[in-house]
Every structure is written in C-alpha cells, then in structure tokens.
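# Structural features, examined
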Amino acid sequence: MTTTLQTPHATDHLDVLESHALFILREVVAECERPVLLFSGGKDSAVLLHLAAKAFAPQQLPFPVLHIDTGQNFDEVLDFRDRAVEVAGARLIVAKVQDTIDQGKVADPGLLGSRNRLQTVTLLDAINDNKFDAAFGGARRDEDKARAKERILSFRDAFGQWDPRQQRPELWQLYQGKVNPGEHVRAFPLSDWTELDVWQYIGREKMDLPSIYFAHERDVISRDGMWLAVGAFVEPNPDEEVVRKMVRFRTVGDANCTGAVISNANTLDAIIEEVAIANVSERGATRGDDKFSETAMEDRKREGYF
Amino acid sequence: MELATKDLLRLATIGSVDDGKSTLIGRLLVDTRQLFDDQLDAVAAASEKRGIGDLDLSFVTDGLRAEREQGITIDVAYRYATTPTRKFIIADCPGHVTYTRNMATGASTADLALVVLDVASGLKEQTRRHLCIAALLGVRSVIVAVNKMDAVDWSELAFERVVDQIATVSRELGFSSSLTIPVSALLGDNVVEASLNTPWYEGPTVLEALEASEAGSWETAQGARLPVQWVLRQNGGGRTYAGMVSGEAFHVGDAVTLLPAGVQTTIRAINFGGVPRPEATVGLAADLDLADETDAGRGDLIATAPLPTVTKEFEATICWFGEQPFSVGGQRLRLKHTTKSTPVRVQAIKGLIDIESLKVVDATSFTTNQIGLATLVTADALVVDDYREDRVTGSFVLIDEVTNATVAAGMVGHATFL
C-alpha cells in the first residue's frame with residue numbers, strides 16, 4: 001500500500017469527542033438489529049450523518065435515514081436534507097405528520113398551529129412500522145436540563161416512553177442496546193458536545209449546512225420575544241409590524257416556532273465567534289416549543305419525543 | 001478571539017445526600033459564567049415557585065421534575081465548562097444510597113472525583129462508600145470541598161478535623177493525590193473566588209485545583225489494545241478491523257497478536273475515517289489493516305506485548321445493582337466485556353467489602369448496592385487485563401437475560417487496599 005501519511009495532529013477535545021461518537025455509532029450498529037438515523041436537517045443531525053459516514057468508511061451507511069416531516073419546514077432545510085443524504089449515499093425514509101393527521105390519530109392544529117408535539121406520534125409509528133430497535137439522534141446534553149440527565153443509550157419501552165427514574169446504569173463505554181421486541185433505544189453520539197463544539201467541528205471539517213444558518217436579509221416579525229420569519233406558516237397579526245432584518249438561525253425546527261437571531265455572521269468563523277460569546281442559550285433564544293413550562297422537554301421526552 | 005485547542009477532563013461529584021454537591025456545581029458554573037442568562041432566569045423562577053426565595057443553585061443541575069419537588073438528585077446530570085485551555089465534563093452524581101448505580105455511572109468514566117462534604121458532620125458512611133466506589137472504579141485523584149464553612153463560622157479547627165479524616169481514608173484507598181479546600185458553595189467562598197473568611201488557608205480555590213489537575217488516560221505498563229467492534233470491507237477486497245485504542249498507541253509495522261486465537265501478524269496500515277495515519281493514539285476510533293489474512297471479527301482483540309490473559313474463569317470485584325440477590329445459582333446473567341457478550345455464571349462468592357473497615361468479610365450473596373468479590377465462569381473465553389492496568393479490557397457489566405437490564409458493574413481483579 002503506497003499512500004501518503006498524514007501528520008498526526010495532537011489529540012484535542014474535538015478529537016476525543018469525534019472518536020467517542022464513532023465508537024458509539026459502531027457499537028449500536030453491531031449490537032442492534034435495525035438501527036436508523038433521525039435526521040432533521042439541522043446542524044446537529046448534519047454532524048451526526050457526517051460522523052456516521054466516517055465510522056463506516058469506505059462502506060455505505062449500514063442504516064437508513066429517517067426524516068419526520070412536519071410539513072412546516074424551511075425550504076432551505078429540505079434542499080439540504082436531499083443534498084446531504086445523496087452525498088452520504090444513504091436511503092431516506094420520510095414520515096409525514098400530515099399522514100398521522102389524515103389517519104385521525106392526532107387533532108389537526110390547522111395550517112398555522114404548531115405540529116411540534118404531534119411529531120412524537122409520527123416518529124413512534126415510523127419506528128414501529130419499520131421495526132427499528134435503535135434510533136440515533138443528534139441531541140446534546142447542554143441543550144436542556146432534562147437532556148442533561150439522559151444516558152447515551154436511552155431505553156424506550158414498548159410505548160416509546162422514557163422513564164427518567166429508571167434509567168439503565170451506563171458504565172464505562174459498555175453501551176448496552178439489547179431490547180425485547182417492541183422496545184427500542186435512542187442513541188445520542190453527540191451527548192457530550194456543546195453548541196460551540198459542534199460549530200468548531202463543522203468549521204474544522206468544512207461541512208455543508210442549510211443556508212439559513214448564515215446571516216441573510218429576511219422579513220420578520222417580533223412575537224413572544226422571538227423574531228419569526230414571515231412566510232407560509234407565519235402570518236403577521238394586524239398589530240405585528242413586518243420588518244426586514246439581517247438574521248440567521250441558531251437552531252432549525254419548524255418555521256412557526258423557530259426564532260431567528262439578529263446577526264451579521266455569514267461565515268463559519270464569524271458564527272463560531274458569535275456562539276463563543278453568546279449570553280443566551282440556543283434553545284432559549286430561538287425555540288418557542290421549550291417555553292410552555294418548566295419541564296416542557298422532560299414531559300415531551302417521556303412521551304417519546306426526540 | 002482565542003479558541004485554542006483544549007484538553008478534556010472528566011470529573012464526577014461524589015459525597016452524601018444534602019452535603020451540597022449540586023449547589024457547588026451550580027456555584028462553579030454561575031461564577032465562571034458558564035450559564036446563559038435565560039438558564040439563570042429559569043433557575044430563579046423555579047426557586048421562587050417553590051418558595052425558596054433567592055436562587056437555589058442546585059436547580060442548575062437538578063433538572064427533573066421529581067428532583068425539584070423532592071430537593072434531591074436522582075440521576076447524574078452532565079454539565080460542561082470550558083476555560084482557555086480545558087474542557088470539563090462534569091457528572092453531578094446523586095448522593096442517596098438508593099441511586100448508587102447512577103453514581104457509579106457518573107464515576108466510571110471520571111479522571112477525578114470532586115468530593116463534597118459538610119464540615120459539621122464530617123466523613124459520613126455514605127461519603128466513605130462513594131470514596132470506596134470511586135477508588136474501585138479507578139479514580140486516582142480527589143479534590144475534597146469541605147462545604148458549609150459559613151455555618152461553623154469559618155473555624156479552622158473544624159476544617160482541620162475533617163482534613164485529618166480525609167487524609168486517613170485517602171491513604172487507605174490509595175488515591176495518588178488528594179487536596180482539601182474549605183468552601184461555602186452557598187456563598188461562593190473558595191469556589192472560584194478566593195475567600196476573605198479563611199485567611200488561614202493558602203491553597204487553591206476549587207477552580208484553580210481543577211485547572212491544575214492532570215487530565216486524560218492512565219499510564220500503563222501493558223501493551224496497546226484494540227477490541228474489534230466492526231469489520232470494514234475495503235474497496236478492492238481487503239478488510240480492516242475497527243475499534244477504539246486503549247493502553248498504548250499502535251504504529252504501522254507493530255507486531256501484534258490477534259486474541260483469543262493467538263495469531264501473530266503485523267500492522268500494515270492504520271486508518272481513521274477512511275484516511276491513513278502512521279499511528280493510532282489511545283482513544284482513537286481507528287481501523288487496522290493486518291499483514292496476514294485472519295478471520296478476526298467482533299469480540300476479538302488485537303494487542304501488542306505484554307499480552308492480556310485469555311481466560312474463562314477469573315476473580316472480579318462486583319458492584320451489584322440488581323433487585324434479586326447476587327449469588328451462586330441466582331438469576332441467568334450475560335456478561336458484556338469490551339465488544340464481546342457471553343453467558344456467565346457465578347462460581348463462588350469470595351466475600352463482601354465492609355465499607356467501614358474496608359476489609360472483605362464472609363458472605364454468600366450480595367444485595368442491591370453491595371460490593372464484593374466473586375469468581376465468575378464464562379461460556380466463551382475472554383481476553384482480559386487487570387482493571388488497574390487497563391480500564392477498558394479490565395471492565396465488564398452483567399446483564400439480566402430476561403429483562404436486558406444492566407445489573408452489575410464488574411472489574412477484573414481486586415483493589416490493592418482489599
């Protein structure tokens with residue numbers, strides 16, 4: 001074999017996090033029968049897909065990619081989804097919240113209503129229908145106080161529920177994904193990454209992302225302390241003034257509950273710098289779905305949410 | 001802006017319930033400005049809602065509904081802090097004996113234990129238990145925050161009394177370093193800012209001590225180890241063996257042995273994410289290309305000399321979390337060691353560890369949260385090192401065959417203090 005060898009770089013915190021994530025991805029694929037990777041098109045799931053490709057290179061991904069489509073996406077995110085899945089050579093499964101609504105399993109919140117909580121039913125149906133026993137997610141423990149408590153391999157019972165009081169002990173790196181039929185595990189390879197780690201890694205790997213993460217001009221309204229993008233899923237009320245601002249998105253969720261932040265950061269370097277000095281958390285700044293109650297995330301996770 | 005390369009230190013907080021572990025971590029995060037404004041606002045709102053008034057710093061890590069209602073920590077919270085040169089992963093562990101399994105979860109990956117105890121009550125049995133488990137799990141250095149100094153009027157005498165207790169137990173358990181610091185987590189003295197109330201204390205604050213402590217994996221006299229996780233088929237026909245390196249680094253050209261088969265070969269190439277490298281350092285999720293054709297698969301181990309032991313019977317230290325007792329002829333168990341799973345049975349119970357005397361006492365079974373020594377026999381051969389030599393090849397878990405629950409943490413061999 002004649003290949004030029006790279007100079008080994010010193011082991012820094014990103015190397016440690018990266019190798020840990022590759023280890024988790026391989027371990028779950030080896031231990032579980034039918035894994036799947038949950039992909040939203042956001043930066044965390046983009047990093048997860050990138051890591052999955054690395055873990056199994058030069059082979060194809062040994063699992064499909066599942067997108068829970070609320071029907072309230074940003075177009076730029078759907079474009080990115082299709083691009084990223086093609087680059088990774090992955091098989092894409094799309095499960096639509098609209099189908100769950102049409103089947104009468106959940107009430108229709110109307111065109112402008114939030115479908116955030118309804119996704120859980122669509123997700124659990126997709127896991128059940130495809131007999132998945134493991135689902136990779138890009139959730140990080142620094143995002144929320146309930147997530148800070150969750151194991152890297154997190155057990156879900158036959159109803160898809162998380163029981164925070166009865167988590168399996170998780171010793172060393174002996175990840176244990178065995179489940180009985182109908183149960184599954186969620187696996188979170190990015191558990192120990194912070195928002196800044198994710199951005200530094202994206203910068204280091206020169207990764208592709210949806211364009212809405214970078215500063216751009218957009219018509220927005222101010223609602224509930226957030227800047228919401230005016231579009232198909234957000235219509236200004238009579239008392240709301242539409243203004244044009246230079247904004248970017250710090251997280252990517254549904255268009256009607258994901259706020260933009262005022263920013264001029266239009267390069268990865270500028271974003272890393274902005275994130276490093278931020279004084280509001282990414283979910284606090286941009287996510288309406290977490291603001292319902294003190295334990296909004298815990299309550300949704302117990303039901304089987306991401 | 002300086003966003004330099006950082007190293008990574010994993011630490012776990014340990015100690016008895018109500019001695020102030022979560023409050024100390026909350027204080028550390030608040031005073032180093034690791035918390036965002038909205039997170040701080042949420043802690044203030046939650047404190048007010050429960051009539052606690054000001055700011056209950058334990059709410060920074062006690063994030064579950066039940067924890068806030070009961071005012072105790074149930075499970076480990078992971079929090080992150082960075083300084084210019086270091087990233088910290090903090091596992092804030094529960095103190096209550098019922099949740100020992102969760103404390104062990106947090107401590108099993110820690111390089112360092114941050115021990116919190118109440119100066120007025122000193123070293124409680126539960127703190128001794130946690131120190132003992134941390135020592136068994138291979139935590140080698142401890143920083144001891146002697147908390148609630150404000151409640152004893154910053155008495156040097158009260159502090160010194162606890163220092164003596166800590167020194168004794170540290171010596172018994174064989175910690176390589178232990179540092180004792182008088183603090184008030186509630187008021188912030190000696191956590192991040194040096195206290196004006198303890199002029200008699202000249203040592204570092206908790207933050208200074210954390211920044212100065214040594215990070216990273218153990219020094220080992222054993223060889224390099226790679227438990228095979230997954231076989232990667234290469235373009236053009238070859239196969240490489242993927243896994244995470246422990247012990248020492250592998251280099252291209254190293255003579256290696258594939259175990260348990262005992263096949264000797266050399267490393268032809270090392271890859272990471274499909275890209276060749278000259279070496280695979282400890283902790284790297286690499287894949288190795290071997291010079292000779294082998295039938296290696298998941299559960300095998302690639303090693304350099306000195307080689308680990310191939311065995312089906314060994315003595316181990318067991319932390320038992322199961323609800324039924326652990327005994328000869330007990331429930332059906334499976335053992336997961338590195339990337340291998342095999343049926344296992346208990347050959348003999350050697351004894352229980354008495355937390356007070358740190359001696360092994362006679363017993364025929366262990367109940368929940370007890371720790372002891374046992375001889376295990378496995379169906380398939382394992383490739384093991386003593387736990388004190390290698391935390392990866394020396395550790396295992398026991399799994400209930402019926403429920404798939406993890407019911408024990410196990411370590412090959414036993415600690416020198418026993």
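Residues numbered from 1 in each chain as written. Chains lettered and ligands numbered in written order. Predicted model: local features only at pLDDT ≥ 70, side-chain atom pairs only at ≥ 80, totals over all residues. Heavy atoms only, no water.

## Concerning the sheet that holds strand E6 (residues 177-182) of chain B
Pairing between the strands of a sheet comes from backbone hydrogen bonds, and it takes one of two forms, parallel or antiparallel. Residues and elements named next belong to chain B. With mixed pairing, six strands are arranged side by side in an open sheet as E2-E3-E1-E4-E5-E6. Where the open sheet ends on each side, the last strands, each with one partner, are strand E2 (77-83) and E6. Each strand axis lies, on average, 20° off the axis of its neighbour in the sheet, ignoring direction. Here strand E4 (residues 112-118) runs beside strand E5 (residues 141-147); their pairing, made up of seven bridges, is parallel. Residue pairing in the sheet places Asp118 in a bridge with Asn147 of E5. Across the sheet, helix H1 (residues 21-31) is in contact with strand E1 (7-14), E2, strand E3 (86-92), E4 and E5; its angle to E3 comes to roughly 155°. (Pairing = 2+ DSSP bridges. Helix = DSSP H or I, 4+ residues; strand = E, 2+ residues; numbered from the N terminus. Axes fitted to C-alpha atoms, helices over the stretch in contact; angles between N-to-C directions. Contact = heavy atoms within 4.5 Å.)

## Description of the nonpolar core
Core analysis: the largest hydrophobic core is formed by 139 residues, its most contacted members being B:Phe250 and B:Ile302. The leading source of residues in this core is helix H1 (residues 13-31) of chain A, at nine residues. Not counting residues within four places of it along the chain, the set of residues in contact with B:Ile302 comprises B:Ala224, B:Arg225, B:Leu226, B:Val228, B:Tyr241, B:Phe250, B:Val256, B:Thr257, B:Leu258, B:Leu288 and B:Leu290. (Core = buried A, V, L, I, M, F, W, Y, C linked by side-chain atoms within 4.5 Å. Buried < 20%, exposed > 50% of the residue type's maximum accessible area, 1.4 Å probe, protein only.)

## Details of the domain arrangement of chain A
Residue and element names in this part refer to chain A. Entries for chain A in the domain assignment read domain 1 (13-197 + 295-303) and domain 2 (208-290). Look at where the C-alpha atoms of domain 1 and domain 2 centre, and you get two points 24 Å apart. With 27 residues of domain 1 at the contact, the number on the domain 2 side is 28 residues. Summing both sides of the interface, domain 1 and domain 2 together bury roughly 2,400 Å²; the carbon and sulfur share of this comes to 54%. By the criterion of area lost to domain 2, the three top residues of domain 1 are Phe74, Leu112 and Glu195, representing 27% of everything that side buries. Among the salt bridges present, the one from Glu195 reaches Arg250, with a minimum N-O distance of 2.9 Å. Between domain 1 and domain 2 we count four residue pairs in polar contact (both at pLDDT 80 or more) in total. For the side of domain 1 that touches domain 2, the secondary-structure elements that each account for two or more residues are helix H2 (43-56), helix H3 (75-88), helix H6 (195-205) and helix H9 (296-303). (Domains from an automatic or database assignment. Buried area = accessible area lost by both parts, 1.4 Å probe. Salt bridge = Lys/Arg side-chain N within 4 Å of Asp/Glu carboxyl O. Polar contact = N/O pair within 3.5 Å; in protein donor to acceptor, adjacent residues only side chain to side chain.)

## A look at the pattern of salt bridges
Counted by the stated rule, this structure contains 44 salt bridges over all chains. One salt bridge connects A:Asp44 with A:Arg140, and the closest N-O pair in it is separated by 2.9 Å. In this pair, A:Asp44 sits in helix H2 while A:Arg140 sits in the loop between strand E4 (134-136) and strand E5 (153-156), placing the two residues 96 residues apart along the sequence. The residues A:Asp44 and A:Arg140 share a single accessibility class, namely buried. Across the pair B:Arg27 and B:Asp31 runs a salt bridge, and its minimum N-O distance is 3.1 Å. Of the two residues, B:Arg27 and B:Asp31 both sit in helix H1, four residues apart, roughly one turn of that helix.

## A closer look at the environment of A:Ala187
Residue and element names in this part refer to chain A. Secondary-structure assignment places Ala187 in strand E6 (residues 184-187). The spatial distance from the C-alpha of Ala187 to the C-alpha of Val28 is 7.6 Å, given a sequence separation of 159 residues. Once residues lying within four places of it in the same chain are set aside, the contact partners of Ala187 are Val28, Ala135, Phe136, Gly137, Ile152 and Leu153.

## As for the packing of aromatic side chains
Summed over all chains, the structure comprises 15 aromatic pairs over all chains. Here a set of aromatic residues connected by ring pairs shows up, and it is made of A:Phe56, A:Phe63, A:Phe136 and B:Trp230. The side chain of A:Arg141 reaches across the aromatic face of B:Tyr78, ending 3.7 Å from its centre. The residue whose ring lies beneath A:Lys301 is A:Trp162, and the NZ or CZ to ring-centre distance is 5.8 Å. (Phe/Tyr/Trp six-rings, centres within 6.5 Å; stacked < 30°, edge-to-face > 60°. Lys NZ or Arg CZ within 6 Å of the ring centre and 35° of its normal.)

## Looking at H3(A)
Residues and elements named next belong to chain A. Counted at 1.5 Å a residue, the expected span for H3 with its 14 residues is 20 Å, and the 20 Å between its end C-alpha atoms agrees. Among the residues making up H3, those that are buried are Val77, Phe80, Arg81, Ala84, Val85 and Ala88. Viewed along the axis of H3, the buried residues span an arc of 125°, placing them on a single side of the element. Opposite the buried face of H3, at more than 90 degrees from it, the exposed residues are Asp75, Glu86 and Val87. On its buried side, H3 packs onto H2, strand E2 (65-69) and strand E3 (92-96). (Expected span 1.5 Å × (residues − 1). Arc of directions from axis to C-beta.)

## Some words on the side chain of B:Asn190
Residues and elements named next belong to chain B. Within the fold, Asn190 resides in the loop between E6 and helix H7 (206-212). Taking the relative accessible area as the measure of exposure, Asn190 reaches 3% and is therefore buried. Here the side chain of Asn190 touches Ser195 through a polar contact of 2.8 Å, landing on its backbone nitrogen.

## Concerning the state of the cysteines
Here the structure, examined in full by the defined rule, presents zero disulfides over all chains. Considering cysteine sulfurs only, B:Cys319 is the nearest to B:Cys132, which forms no disulfide, with 8.3 Å between them. (Disulfide = S-S within 2.5 Å.)

## Description of the domain arrangement of chain B
All names here are of chain B. Per the domain assignment, the segments making up chain B are domain 1 (7-212), domain 2 (225-303) and domain 3 (309-412). Here the C-alpha centre of domain 3 lies 29 Å away from the C-alpha centre of domain 2. Opposite the 11 residues of domain 2 that make contact, domain 3 presents 10 residues. Here domain 2 packs against domain 3, burying approximately 900 Å² in sum over the two surfaces, 63% of which is carbon and sulfur. Run the count over domain 2 and domain 3 and you get one salt bridge. A salt bridge links Arg225 to Asp385, with the shortest nitrogen-to-oxygen separation between them at 2.7 Å. Here domain 2 is connected to domain 3 by five residue pairs in polar contact (both at pLDDT 80 or more). The residue makeup of the side of domain 2 that touches domain 3, split by class, is five nonpolar, four polar and two charged. (Nonpolar A, V, L, I, M, F, W, Y, C, P; charged D, E, K, R; others polar.)

## Quick look at helix H4 (residues 100-107) of chain B
Residues and elements named next belong to chain B. Within H4, eight of the eight residues are buried, which leaves it mostly tucked inside the rest of the structure. Within H4, the full set of buried residues consists of Thr100, Arg101, Asn102, Met103, Ala104, Thr105, Gly106 and Ala107. Looking at the buried side of H4, the elements it contacts are E1, E2, E3 and helix H5 (125-136).

## Remarks on the interface of chain A and chain B
Between chain A and chain B, the residue contacts involve 71 residues of the former and 89 residues of the latter. Between chain A and chain B lies a buried interface of about 6,700 Å² when both sides are counted; carbon and sulfur atoms form 55% of it. Sorting the residues of chain A by area buried against chain B places A:Lys149, A:Arg165 and A:Trp172 first, and these three jointly supply 13% of that buried surface. Inspection of the chain A/chain B interface yields seven salt bridges. Salt-bridge contacts for B:Lys336 lead to A:Glu27; the nearest nitrogen and oxygen are separated by 2.9 Å. For the pair chain A and chain B, the interface holds 30 residue pairs in polar contact (both at pLDDT 80 or more). In terms of residue class, the side of chain A that touches chain B is made up of 29 nonpolar, 20 polar and 22 charged.

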